[in-house]
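# Chains, contacts and geometry: an overview
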Amino acid sequence: MTEQNQPVGFANVSIQQLNLSYSHEQDRLLFRIGLCDDSELQVWLTYRVTRKIWQLLVGKTPLASANPSQQDATPQQALQRFQREAETIEALGKMDFTSEYQPRGKVKNDGPMLAVKASLNDANPDVPILDLVCQEGMTVNMNLNKEMVLAICNMLQRTAKEAGWSVGAPGQEPASMRIAEGAEIKKVLH
């Protein structure tokens, strides 16, 4: 393993609380991971990394969507999708998104790290691992269960909306970033 791929210097620490907030000054999301040992990790997420995390995780949970490809589904497939979405809504209802994040006594890293790459290791499909490679040479590895995936996706949607970002559907670029075929790209100098 290279130093860039070294996991943060602790292993198997349980996550107690997650927080995702938007910083207008940084134009980034601050992902705070509260751990059971009264410490936390702080990771800055850029728009690009946020969209990548969304693309990696959204397929792991049946979130309601108006995807045109679902129109061709058989009645049985549509019913199964509806049942999964109903279970998702029920699970979301059991999660607490209103309690304030409880800052921990100690920050594991010397200030927020900047995530530059996100990937998903799903060798074990029951417990995929989200890897956030940070510019500071560390990688944050998070074991994810279904509830954790659902919680992160929900927080990404809410916080991206606050930031004015469009995380969109997997592989879909926000309308502001699409360039029509044959359209001229104008260069702007400042």
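Note: the structure precedes this text.
Reference entry: report on the structure contained in this document.

About the cut-offs
- Each chain has its residues counted from 1, following the order in which its sequence is written.
- pLDDT decides what is reported in this predicted model: residues at 70 or higher carry local features, side-chain atom pairs at 80 or more are listed and counted, and totals for whole chains, interfaces and linings draw on all residues regardless.
- Hydrogens and water molecules were not included; the side-chain quantities draw on all heavy atoms of the structure.
- Only protein chains enter the accessibility calculation, which uses a 1.4 Å probe. A residue is then buried if its area is under 20% of the maximum for its type, exposed if over 50%, and partly exposed in between.
- The way it works is that DSSP assigns letters per residue, a run of H or I at least four long becomes a helix, a run of E at least two long becomes a strand, and they are numbered from the N terminus.
- It only takes one pair of heavy atoms within 4.5 Å for two residues to be counted as in contact.
- Under the pairing criterion, centres of Phe, Tyr and Trp rings, with the six-membered ring standing for Trp, must be within 6.5 Å; the plane angle then separates stacked pairs below 30 degrees from edge-to-face pairs above 60, leaving the rest tilted.
- Two N or O atoms form a polar contact when they lie within 3.5 Å of each other; inside protein one atom must be a possible hydrogen donor and the other a possible acceptor, and for residues adjacent in sequence the pair counts only when both atoms belong to side chains.
- To estimate how far a helix should reach, multiply one less than its number of residues by 1.5 Å.
- Think of a nonpolar core as a cluster: buried Ala, Val, Leu, Ile, Met, Phe, Trp, Tyr and Cys residues, connected wherever their side-chain atoms sit within 4.5 Å.
- Whether two strands pair comes down to DSSP finding at least two bridges between them.

Restricting attention to buried positions, one finds in helix 1 (residues 47-57) the residues Val49, Thr50, Arg51, Ile53, Trp54, Leu56 and Leu57. On its buried side, helix 1 packs onto strand 2 (28-35), strand 3 (39-45), strand 5 (113-121), strand 6 (129-134) and helix 3 (146-163).

All chains considered together, the criterion is met by two aromatic pairs. Relative to Trp165, the ring of Tyr22 lies with its centre 5.9 Å away and its plane at 80°, an arrangement referred to as edge-to-face. Taken together, the residues span a long stretch of sequence, with Tyr22 in strand 1 (residues 15-23) and Trp165 in the segment after helix 3 at a distance of 143 residues. You'll find Tyr22 and Trp165 in the same group, each marked buried.

Inspection of the secondary structure assignment puts Arg32 in strand 2. Of note is the side chain of Arg32, whose polar atom sits 3.4 Å from the side chain of Glu40. Beyond its immediate stretch of four places on either side in the chain, Arg32 contacts Gln17, Leu18, Asn19, Glu40, Leu41, Gln42, Tyr101 and Pro103.

Right, let's talk about the environment of Glu100 for a bit. In this structure, Glu100 sits in the loop between helix 2 (75-94) and strand 4 (106-107). Taking relative accessible area as the criterion, Glu100 reaches 64% and is therefore assigned exposed. Taking the C-alpha atoms as reference, Glu100 lies 9.9 Å from Gln17; in sequence the two are 83 residues apart.

Below, the discussion takes up helix 3. For helix 3, with 18 residues, the first-to-last C-alpha span of 26 Å sits near the 26 Å given by 1.5 Å per residue. Residues of helix 3 that are buried include every one of Met148, Val149, Leu150, Ala151, Ile152, Cys153, Asn154, Met155, Leu156, Thr159, Ala160 and Ala163, and no others. N-capping of helix 3 is provided by Asn145, with a side-chain oxygen placed 3.2 Å from the backbone N of Glu147. Once helix 3 ends, the next one or two residues include Gly164, with phi positive near 80°.

Here we come to unusual backbone geometry. Even without being a glycine, Asp27 presents a positive backbone phi close to 50°. Residue class for Asp27 comes out partly exposed when judged on its relative accessible area of 42%. Of note, the phi angle at Asp38 is positive, near 60°, even though the residue is not glycine. Mapped onto the elements, Asp38 comes out in the loop between strand 2 and strand 3.

With 36 residues, the main nonpolar core has Phe31, Leu45, Ile53, Leu132, Met142 and Ile152 as its most contacted residues. Elements with a contribution of two residues or more to this core: strand 1, strand 2, strand 3, helix 1, strand 5, strand 6, strand 7 (139-143) and helix 3. Residue contributions to this core peak at eight residues, all from helix 3. When sequence neighbours within four positions are dropped, the list of residues in contact with Leu132 reads Phe31, Val43, Leu45, Ile53, Ala115, Lys117, Ala118, Met138, Thr139 and Val140.

Alignment of strand 3 against strand 5, held across two bridges, turns out to be parallel. By the bridge assignment for strand 5, Trp44 is matched with Leu114. Judged from the six bridges that link them, strand 5 and strand 6 form a sheet pairing that is antiparallel. Residue pairing in the sheet places Leu120 in a bridge with Leu130 of strand 6.

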